[in-house]
Amino acid sequence: MSEKLQKLEDLVSLCKRRGFIFQSSDIYGGLASCYDYGPLGAELKRNVKNAWWKHTVQMRDDMVGLDCSILMHPMVWKASGHVDKFADLVAECKKCHTRTRADHLADAQGNTTEGAKTAEDLIKKICPKCGTTGQFTEPMPFKLMFETQMGANADDSMTVYLRPETAQGIFANYRNVLDSTRVKVPFGIAQIGKSFRNEVTTKAFIFRTREFEQMEIEFFCKPGTEEQWFEKWKEARMSWYTSYGIRPENLRMREHDKDELAHYAKGCVDIEYLFPFGKGDWQELEGIASRTDYDLRQHQRGMRSVTNWIENGRDAVTTPLKAEDADWAKGPLSYFDEETRERYIPYVIEPSAGADRGTLAFLVDAYTVETLENGEERNVFKFHPSLAPIKAAILPLVKKDRMPEKATNLYNDLKKYFPCFYDEKAAIGRRYRRQDEAGTPYCVVIDGQTNDDNTVTVRNRDTMKQDRINIDQVKSYLREKLDM
Ligand code: ATP
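Since we're looking at a predicted model, the values are computed, not measured.

**Considerations on the packing of helix α2 (residues 39-58) against helix α8 (residues 355-366)**
Each pair of packed helices gets described by two things: the angle between the helix axes and the distance between those axes.
At step 1: The contact between α2 and α8 brings their axes to 10 Å, and the two run at 110 degrees. For the element pair α2 / α8, the angle class is roughly perpendicular. For the crossing formed where α2 meets α8, the hand is right-handed. Taking contact as the criterion, the partners of L44, K45, V48 and K49 in α2 are, on α8, A355, D356, T359, F362 and L363.

Dropping the structure here:
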């Protein structure tokens, strides 16, 4: 019999016990909504990012990578609209003064209101802190960007922001990439990196944190072709999750309603995963937006206004953009198509995923508790082999009869090719259980027969079945099974 994850708390405690994820600053009582990845978690998250990079950059001819700095010129955030508009609407409970995101407040049935804007919308909503119903202030904007000061001298120091998304670094480098590589529209730029948001409500382990990692793509295409690229990216991103083991029944695509869409967006979908929060909750893993040429136009406008902005203050760039102005389409962020001899500002499709949310979904989906025939329970993370932190454990059956020496030699050879683990402590059954909990797909055991005929057993994590093979074939066996 096997069971999936019922309560998030079970995953949280297993992650702590086995060194996947710890609360940040644990020894000082922890820092809310910040988490650290332990030895197994660091490998898992790195594998998630590598799998994303492999499919979005390495295996595609129309994508290139980028790694830009977290701190950027403040003008970037002015032009993108973040300085003025990147805020959540929060309502304060009149009784206990707790502030909550208006769209996260729920009524007795657990219903929230996407796009809640007034106290009227919150009449049936309950304060998550004190339980009072409908006693909220008018929602007000709460700015989400963290600010810091750059520079040692008071007269030349300036306020800069910890980026709230990696996407703007891509737009800011679009011209550099065009000028320094041979990319041609349609093409995309991918980036993985840390982002920071001073979230009002954080929740559910690593699902929503104030420091997190994003995996973002800006895909530039010719205006008029955006619908076809939007469809292609929706398909590519859904199949990425399922090809790395997410069960299709736990994944869905939700189209944004018209009133959820930004005014410039032509379409937006969220890829959602059925997380075990509450009674089971569909939550966003990734957003895919068709953003027109809005961002490049905004930056083109920002570029022209830099001097103006510095001289006249931040409001200098708030003059409305004239979309019909022919000059704009020929500006510094336009693209010249050599084949058709046309100049235009490309349209953009933006698939934007969270590395931590993705990692959480892979953990939840892989978590299994099995009751064995003898009544014993085993916890197993049934990770896709590419995501498993350790690929193979090398275990001498007992600490005698040259078994440890043979196992060590094999381990020293295999670790050049795969992340491996050597373990000679405790009974073999316990060592298997420890590897099951780490999600290790294969355990290789050196036993008494190894001395006689040079064979070892290889145990499969999911079926618990064993193959007996020659010790010299272990590398090729694992290579084939792990597809590495
Ligand atoms: P939400 O509505 O959940 O706040 P969002 O729509 O603001 O998310 P985006 O700005 O579209 O999120 O960011 C893209 C992706 O980055 C999200 O799908 C998510 O995977 C990840 N992400 C965003 N905010 C956080 C956060 N605070 N913690 C962890 N991951 C995040």
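**Comments concerning the domain arrangement of the chain**
A common way to state how big an interface is: give the accessible area lost once the parts meet.
At step 1: As far as domains go, the chain holds domain 1 (2-80 + 148-362), domain 2 (87-143) and domain 3 (390-482).
At step 2: In this structure, domain 2 and domain 3 have C-alpha centres spaced 55 Å apart.

**Notes on the side chain of T132**
At step 1: Residue position: T132 is located in the loop between β6 (99-101) and β7 (140-143).
At step 2: Residue class for T132 comes out buried when judged on its relative accessible area of 16%.

**Quick look at the pattern of salt bridges**
At step 1: Here the structure, examined in full by the defined rule, presents 39 salt bridges.
At step 2: Of the charged contacts, one joins R101 and D88 as a salt bridge, the two residues approaching to 3.3 Å between their closest N and O atoms. Here the residue R101 occupies a position in strand β6, and D88 occupies one in strand β5 (residues 87-92), the gap between them amounting to 13 residues.
At step 3: Since its relative accessible area comes to 13%, D88 is described here as buried.

**Thoughts on the site of the ligand**
At step 1: Residues in close proximity to the ligand total 16 residues, the closest being E199, R208, T209, E284 and L285.
At step 2: Separating an oxygen atom of the ligand from a side-chain N or O atom of R197 is a distance of 2.9 Å.
At step 3: Note that an oxygen atom of the ligand is positioned 2.8 Å from one of the backbone N or O atoms of L285.
At step 4: The fraction of the free accessible surface of the ligand (600 Å²) that becomes covered by protein chains is 82%.
At step 5: Breaking the shell around the ligand down by element, the ones donating at least two residues are β11 (211-221), β14 (281-290) and β17 (347-354).

**As for the side chain of R237**
At step 1: In this structure, R237 sits in helix α6 (residues 226-243).
At step 2: Once residues within four sequence positions are removed from consideration, R237 is found in contact with W52, T56, I271, E286, I288, P351 and A353.

**Observations concerning the packing of aromatic side chains**
At step 1: Across all of its chains, the model carries 22 aromatic pairs by this definition.
At step 2: Ring geometry for F20 against F381: centres 5.2 Å apart, planes inclined by 65 degrees, an arrangement best described as edge-to-face. Taken together, the positions of F20 in the loop between α1 (8-17) and β2 (21-23) and F381 in strand β19 (residues 377-381) put the pair 361 residues apart, joining distant regions of the chain. When sorted by exposure, F20 lands in the same class as F381, which is buried.

Parameters and conventions
Residues numbered from 1 in each chain as written. Predicted model: local features only at pLDDT ≥ 70, side-chain atom pairs only at ≥ 80, totals over all residues. Heavy atoms only, no water. Axes fitted to C-alpha atoms, helices over the stretch in contact; angles between N-to-C directions. Helix = DSSP H or I, 4+ residues; strand = E, 2+ residues; numbered from the N terminus. Parallel < 35°, antiparallel > 145°, perpendicular 65-115°, else oblique. Left-handed = near helix turned anticlockwise from the far one by under 90°. Contact = heavy atoms within 4.5 Å. Domains from an automatic or database assignment. Buried < 20%, exposed > 50% of the residue type's maximum accessible area, 1.4 Å probe, protein only. Salt bridge = Lys/Arg side-chain N within 4 Å of Asp/Glu carboxyl O. Near = heavy atom within 4 Å. Polar contact = N/O pair within 3.5 Å; in protein donor to acceptor, adjacent residues only side chain to side chain. Areas by Shrake-Rupley, 256 points an atom, 1.4 Å probe, with all protein chains shown as cover. Phe/Tyr/Trp six-rings, centres within 6.5 Å; stacked < 30°, edge-to-face > 60°.

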